[in-house]
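If you want the building blocks of each chain, they are given just below.
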Amino acid sequence: MLYHALRSGVFGLSTAYALAQRDAFKNTSITLLERLDFPAPDAASIDSSRIIRPDYADPAYAALMAEAHPHWRGDFGAEGRYSEAGLCLVQDSGDESGDNAAHYYLIKALENVKSKLGLKVGRREEGGQVELLETPDDVARVTASMGGDCGRRGYVNWTSGWADAEAGMRYLRKSVESTGRVQFRTAKVTRLHYDKDRVETVELVGGEQLTADLVVLATGAWMQKLVDLRGIASATGQVLAYIDITQEEQDRLGGNPTLLCETNGMFIIPPRDRVLKVARHGYGYANPKTSPHPERPGETIKVSLPRTKQDDPNLNIAPEGDKACRDYLAKCIPSLATRPWTQTRICWYSDTPVGDWLISYHPTYRNLFVATGGSGHAYKFLPVIGERIVDLVMGEERDELGAELGKKWKWPAQRREEDQVWTDDWRGGVKGMILDEELAKVDGAVPRSRL
Ligand SMILES: Cc1cc2nc3c(=O)[nH]c(=O)nc-3n(C[C@H](O)[C@H](O)[C@H](O)COP(=O)(O)OP(=O)(O)OC[C@H]3O[C@@H](n4cnc5c(N)ncnc54)[C@H](O)[C@@H]3O)c2cc1C
């Protein structure tokens, strides 16, 4: 009997579903372990909203989204789980030479949605799916109800949208439950016991040891507790802030496109249930801590580990992140400039060098498969990513895209020299911030770069 241990975020849950669907695994016992009762409130996959877009500079992810999008437009996204209100990608400043990373991303993404996905360029009222926004007035036109200064140029893709992230995860969880094939357990894994070339046992809090023919590890930003990913993937904390709005404001702002500024990584997803969210797709904070070496008992390593409200209920965002969210809100929606946050959150990415995920067998432990490194952009693939993961578990390439993705996601031949991975992927904010240092700063202090 085979035995699979997974975790319950986007990667773990979707893999469990795909395993449960395949004939090859019909005699396999599948167990899904999750440290908190589902839905884990601090998991990256659980939130009010996530952007669903094919707007990628890398055509492979645009193609994968073309696979996922019909699901969001169908049952998966029904009952309000998906809203197709568009995505307005803008630049606020910066040159247009093509050397500027934000500008490059925007131009490449536009090129891909036009040429690879065949979206029609033109005004929406004339049947266009992608509208070029060449002046600040064009940006103001599509963000009129926000009433502020939302950017200088960019484009809006009316075929993009956003999902109610928690509702999407609940929907998939129900689908997994309905297969009757997966055993769910709320149990924190404390460590994996490694033999020379395999995982011998999975130890749970309380000491229980599980054995498995295959262990699929999908613990998101918490991976470094269980496997050594130094120089391969690192946890980075991202800022989010929420405000309550009135019904009138909900009605006015609710149908807007998501606004994403490539210059600073700030974004505003349209409000749901009278809650509006401002956040930053940034380099994030590292939270370096000394921790037992996951593979060599008796040794320690220093790695960034998530710190969330589960660890410290009073944890709020650092002053620089607070200011970034506040300034962006005031600039784009001036009428909400002074509305206090009802909640803030630091949500943890697992960041890789160039933003490609890590979905691969471990090169040393032959019964260990890892699925992580979401790099802040994996949620949108929830309906289809499990199938692609299981293809790689099986060593199958179902099509050209699968072969290409398999190469992007494989265990890297070399680790980066620096243990902490600061991604080269496009991001806003400053590279190199340390969480404790930023939390200790007084309001408004400008963070130093550690590059
Ligand atoms: C602020 C923010 C905004 C984002 N915006 C977008 C977006 O707009 N669009 C998009 O597509 N993507 C977005 N993403 C990225 C997307 O949400 C992530 O890539 C994806 O959710 C990662 O899934 P995961 O399964 O790797 O991690 P997680 O969802 O974090 O799941 C890991 C799970 O493992 C569990 N776990 C950890 N350690 C243990 C243990 N020892 N034992 C048992 N269980 C354990 C955790 O409790 C958790 O449930 C965003 C992410 C963040 C943080």
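Whatever comes next refers back to the structure up there.
Residues numbered from 1 in each chain as written. Predicted model: local features only at pLDDT ≥ 70, side-chain atom pairs only at ≥ 80, totals over all residues. Heavy atoms only, no water.

**A word on the overall build of the protein**
Logical step 1: A tally of helices and strands in the protein yields ten helices and 24 strands.
Logical step 2: Taking 2.2 N^0.38 as the reference for a compact globule, 451 residues should give roughly 22 Å; the C-alpha atoms of the protein span a radius of gyration of 21 Å, in line with that estimate.
Logical step 3: Viewed in the frame of its principal axes, the protein has a C-alpha envelope of about 60 × 50 × 45 Å.
Logical step 4: Considering only contacts within the protein whose residues lie at least 6 apart along the sequence, 73% involve residues at least 24 apart.
Logical step 5: With an accessible surface of roughly 18,400 Å², the protein has 48% of that area assigned to carbon and sulfur atoms. (Helix = DSSP H or I, 4+ residues; strand = E, 2+ residues; numbered from the N terminus. Rg over C-alpha atoms; globule rule 2.2 N^0.38 Å. Contact = heavy atoms within 4.5 Å. Areas by Shrake-Rupley, 256 points an atom, 1.4 Å probe, with all protein chains shown as cover.)

**Here's the deal with the pairing of strand 15 (residues 258–261)**
Logical step 1: Both faces of strand 15 are covered, namely the face carrying Thr258 and Leu260 and the face carrying Leu259 and Cys261.
Logical step 2: The sheet contact formed by strand 5 (residues 87–91) and strand 15 spans four bridges and is parallel. Residue valine 90 lies in a different strand from strand 15, and its bridge partner there is cysteine 261.
Logical step 3: As consecutive antiparallel partners, strand 15 and strand 16 (residues 266–272) are separated by four residues, and within that stretch glycine 265 has a phi angle of approximately 80 degrees, a positive value. (Buried < 20%, exposed > 50% of the residue type's maximum accessible area, 1.4 Å probe, protein only. Pairing = 2+ DSSP bridges.)

**Side note on the packing of aromatic side chains**
Logical step 1: Counted under the stated rule, the structure contains 14 aromatic pairs.
Logical step 2: Ring geometry for tryptophan 357 versus tryptophan 409: centroids 5.0 Å apart, planes at 25 degrees, classification stacked. Here tryptophan 409 lies in helix 9 (residues 400–409) and tryptophan 357 lies in the loop between strand 21 (343–351) and strand 22 (358–361), a separation of 52 residues in the sequence. Pair check on accessibility: tryptophan 357 and tryptophan 409 agree, each one buried.
Logical step 3: An aromatic cluster of at least three residues, connected via ring pairs, comprises Phe11, Tyr56, Tyr61, Trp357, Phe381 and Trp409.
Logical step 4: Stacked on the ring of tryptophan 158, the Lys or Arg arginine 124 has its end atom at 3.8 Å from the ring centre. (Phe/Tyr/Trp six-rings, centres within 6.5 Å; stacked < 30°, edge-to-face > 60°. Lys NZ or Arg CZ within 6 Å of the ring centre and 35° of its normal.)

**Overview of the side chain of asparagine 367**
Logical step 1: By secondary structure assignment, the location of asparagine 367 is in the loop between strand 22 and strand 23 (368–372).
Logical step 2: Look at asparagine 367 and you get buried, because its relative accessible area is 4%.
Logical step 3: Engagement of the side chain of asparagine 367 in a polar contact is seen with the backbone nitrogen of valine 199, the distance being 2.7 Å.
Logical step 4: With residues up to four places along the chain from it excluded, the contact list for asparagine 367 reads Arg198, Val199, Ala212, Asp213, Leu214 and Val215. (Polar contact = N/O pair within 3.5 Å; in protein donor to acceptor, adjacent residues only side chain to side chain.)

**Focus: the sheet that holds strand 10 (residues 189–194)**
Logical step 1: Strand order across the open sheet formed by three strands is 10-11-12, with antiparallel pairing between neighbours. Taken across any chain shown, the strands that pair with only one partner, and hence form the sheet edges, are strand 10 and strand 12 (209–210).
Logical step 2: Judged from the five bridges that link them, strand 10 and strand 11 (residues 199–204) form a sheet pairing that is antiparallel. Across the sheet, leucine 192 pairs through a bridge with valine 202, a residue of strand 11.

**Describing the site of the ligand**
Logical step 1: Around the ligand, a shell composed of 29 residues is seen, among which Glu34, Arg35, Ser45, Ile51 and Cys347 lie nearest.
Logical step 2: Backbone polar atom of valine 10 to an oxygen atom of the ligand: 3.1 Å apart, as the coordinates give it.
Logical step 3: Between the ligand and alanine 378, the relevant distance is 3.3 Å, taken from an oxygen atom to a main-chain nitrogen or oxygen of the residue.
Logical step 4: Expressed as a share of its isolated accessible area of 1,000 Å², the protein-covered part of the ligand is 97%.
Logical step 5: Counting only elements with at least two residues in the shell around the ligand, the list comes to helix 1 (10–21), strand 3 (50–52) and strand 21.
Logical step 6: With three residues, strand 21 is the single largest residue contributor to the shell around the ligand.
Logical step 7: Considering only residue class, the shell around the ligand consists of 16 nonpolar, seven polar and six charged. (Near = heavy atom within 4 Å. Nonpolar A, V, L, I, M, F, W, Y, C, P; charged D, E, K, R; others polar.)

**Comments concerning the packing of helix 8 (residues 382–394) against helix 9**
Logical step 1: Here helix 8 crosses helix 9 at 75 degrees, and the two axes come no closer than 11 Å. With respect to each other, helix 8 and helix 9 are oriented roughly perpendicular. For the pair helix 8 and helix 9, contact is made by Ile385, Arg388 and Leu392 and by Leu401, Gly402, Leu405, Gly406 and Trp409, respectively.
Logical step 2: Tallied by class, the residues present in the contact of helix 8 with helix 9 amount to five nonpolar, two polar and one charged. (Axes fitted to C-alpha atoms, helices over the stretch in contact; angles between N-to-C directions. Parallel < 35°, antiparallel > 145°, perpendicular 65-115°, else oblique.)

**Regarding the pairing of strand 7 (residues 153–157)**
Logical step 1: The buried fraction of strand 7 is high, at five of five residues.
Logical step 2: Here strand 7 shows a buried face lined by Arg153, Tyr155 and Asn157 and a second buried face lined by Gly154 and Val156.
Logical step 3: Of the pairings in the sheet, the one linking strand 5 to strand 7 comprises five bridges and is antiparallel in character. Paired with leucine 87 across the two strands is asparagine 157, which belongs to strand 7.

**Observations regarding the side chain of histidine 281**
Logical step 1: Structurally, histidine 281 is set in the loop between strand 17 (275–280) and strand 18 (285–286).
Logical step 2: What makes histidine 281 buried here is its relative accessible area of 10%.
Logical step 3: Not counting residues within four places of it along the chain, the set of residues in contact with histidine 281 comprises Gln238, Gly265, Phe267, Tyr349, Ser375, Gly376, Trp426, Arg427 and Gly428.

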